[in-house]
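Below, each chain spelled out in residue letters.
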Amino acid sequence: MLQAEQDKIIFNMKGIILVGGLPGSGKSFFASRLAKTAGAFYLGSDKIRKAMVASGKYTRTDKLAVYRALAHRAEEALKKSTWVVVDATFSHRVMRDIFLDLAARLSVPCVFFWLDANEVLIKQRLSNPRPDSEADYAVYETLRDQLEAIETPHITLESTNDNIDTLLETGLNLMRDYEGT
């Protein structure tokens, strides 16, 4: 087990970490563990969608409502927490811009991680039931084909079934960089 998972890291600076990726990329697995390890506040789009009773609603308007709710909760969490980790697909520029605008307005850093994984692994992951996500392989294929180019500065991380410690170290080191430690 990663030492950081045993001892929470204490950060003084506030900021937003966006964790995006297509279904099955490992973004929720990474984002939730990064938040836990860093003592950050975690927000997941799947849980927000359920809380909004918006399961199964995926029009552009429905998606934007979920992202706006995530941003509102992120802003509230930043008043109480140091870092906020937001887990969502972020497949369209407008969805990323909501958080970039929030970060600019609050004068906090916004870091964007894009998780990717081998398509064979994604197919395998999506064949298993997941408690919060409605996405299956057909949804993955649709989102993959609709993905807008990511022009936002970001860090791409390759997710495998055995590299979570490496991914967490990357996230924590970036947060440490902002702390100046």
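Attention in this report is confined to the structure presented alongside it. What you see is a predicted model; the values in this text were computed from it and never measured.

Now for the packing of aromatic side chains. Remark: the centre distance and the inter-plane angle together describe each pair of aromatic rings, the angle taken between the planes. For the structure shown, the criterion picks out seven aromatic pairs. Pairing F30 with F113 gives two aromatic rings, centres 5.7 Å apart and planes at 85°, and the pair type is edge-to-face. Remark: F113 occurs in strand β4 (residues 110-116) and F30 occurs in helix α2 (residues 27-38); sequence separation between them is 83 residues. Comparing F30 with F113 shows no difference in burial state: the two are buried. By way of ring pairs, the aromatic residues Y67, F90, F99, F112 and W114 are connected into one cluster. Positioned over the ring face of Y137 is K123, at 4.9 Å from the centre of the ring.

Here the focus is the sheet that holds strand β1 (residues 15-21). Reading across from one edge, β2-β3-β1-β4-β5 is the order of the five strands in this open sheet, with parallel pairing throughout. Edge positions in the sheet fall to β2 (41-44) and β5 (155-158), since each of these pairs with one other strand and no more. On average, adjacent strands in this sheet sit at an angle of 20° to one another, irrespective of strand direction. Pairing of β1 with strand β3 (residues 83-87), which is carried by five bridges, proceeds in the parallel orientation. By the bridge assignment for β3, I16 is matched with V84. On the sheet, helix α8 (residues 164-179) packs against β1, β3, β4 and β5 and is oriented at approximately 170° with respect to β4.

The next subject is the environment of L115. You can see L115 is positioned in strand β4. With a relative accessible area of 1%, L115 lands in the buried category. For L115 and G20, which are 95 residues apart along the polypeptide, the C-alpha to C-alpha distance reads 6.1 Å. Discounting residues that sit within four places of it in the chain, L115 has contacts with V19, G20, G21, L22, S25, G26, K27, F30, L157, S159 and L167.

Relative to each other, helix α6 (residues 119-126) and helix α7 (residues 137-146) sit at 140°, their axes nearing to 9 Å. Classified by the interaxial angle, the pair formed by α6 and α7 is oblique. Across the interface between the two elements, E119, I122, K123 and L126 of α6 pack against Y137, Y140 and R144 of α7. Looking at the contact of α6 with α7, its residues break down into four nonpolar, no polar and three charged.

In terms of nonpolar packing, the biggest core is built from 33 residues, with I16, L70, V86, F90 and F99 touching the most fellow members. Mapped by element, the contributors of at least two residues to this core are β1, α4 (60-78), β3, α5 (93-106), β4, α6 and α7. Element by element, the count of residues in this core is highest for α4, at nine residues.

The subject of this paragraph is the environment of K36. Topologically, K36 is positioned in helix α2. Taking relative accessible area as the criterion, K36 reaches 61% and is therefore assigned exposed.

To continue, consider α2. Taking 1.5 Å of rise per residue, the 12 residues of α2 would be expected to cover 16 Å, and the 16 Å separating its terminal C-alpha atoms lies within 8% of that figure. Immediately beyond the C-terminal end of α2, within one or two residues, lies G39, with a positive phi of roughly 65°.

Right, let's talk about the pattern of salt bridges for a bit. Inspection of every chain in the model, using the stated rule, returns six salt bridges. Across the pair R144 and D145 runs a salt bridge whose closest N-O atoms are separated by 3.2 Å. With relative accessibility at 58%, the residue D145 sits in the exposed group. Note that E169 is salt-bridged to R176, the shortest N-O span being 3.8 Å. A relative accessible area of 26% places E169 in the partly exposed class.

The rules behind these values
- Residues numbered from 1 in each chain as written.
- Predicted model: local features only at pLDDT ≥ 70, side-chain atom pairs only at ≥ 80, totals over all residues.
- Heavy atoms only, no water.
- Phe/Tyr/Trp six-rings, centres within 6.5 Å; stacked < 30°, edge-to-face > 60°.
- Helix = DSSP H or I, 4+ residues; strand = E, 2+ residues; numbered from the N terminus.
- Buried < 20%, exposed > 50% of the residue type's maximum accessible area, 1.4 Å probe, protein only.
- Lys NZ or Arg CZ within 6 Å of the ring centre and 35° of its normal.
- Pairing = 2+ DSSP bridges.
- Axes fitted to C-alpha atoms, helices over the stretch in contact; angles between N-to-C directions.
- Contact = heavy atoms within 4.5 Å.
- Parallel < 35°, antiparallel > 145°, perpendicular 65-115°, else oblique.
- Nonpolar A, V, L, I, M, F, W, Y, C, P; charged D, E, K, R; others polar.
- Core = buried A, V, L, I, M, F, W, Y, C linked by side-chain atoms within 4.5 Å.
- Expected span 1.5 Å × (residues − 1).
- Salt bridge = Lys/Arg side-chain N within 4 Å of Asp/Glu carboxyl O.

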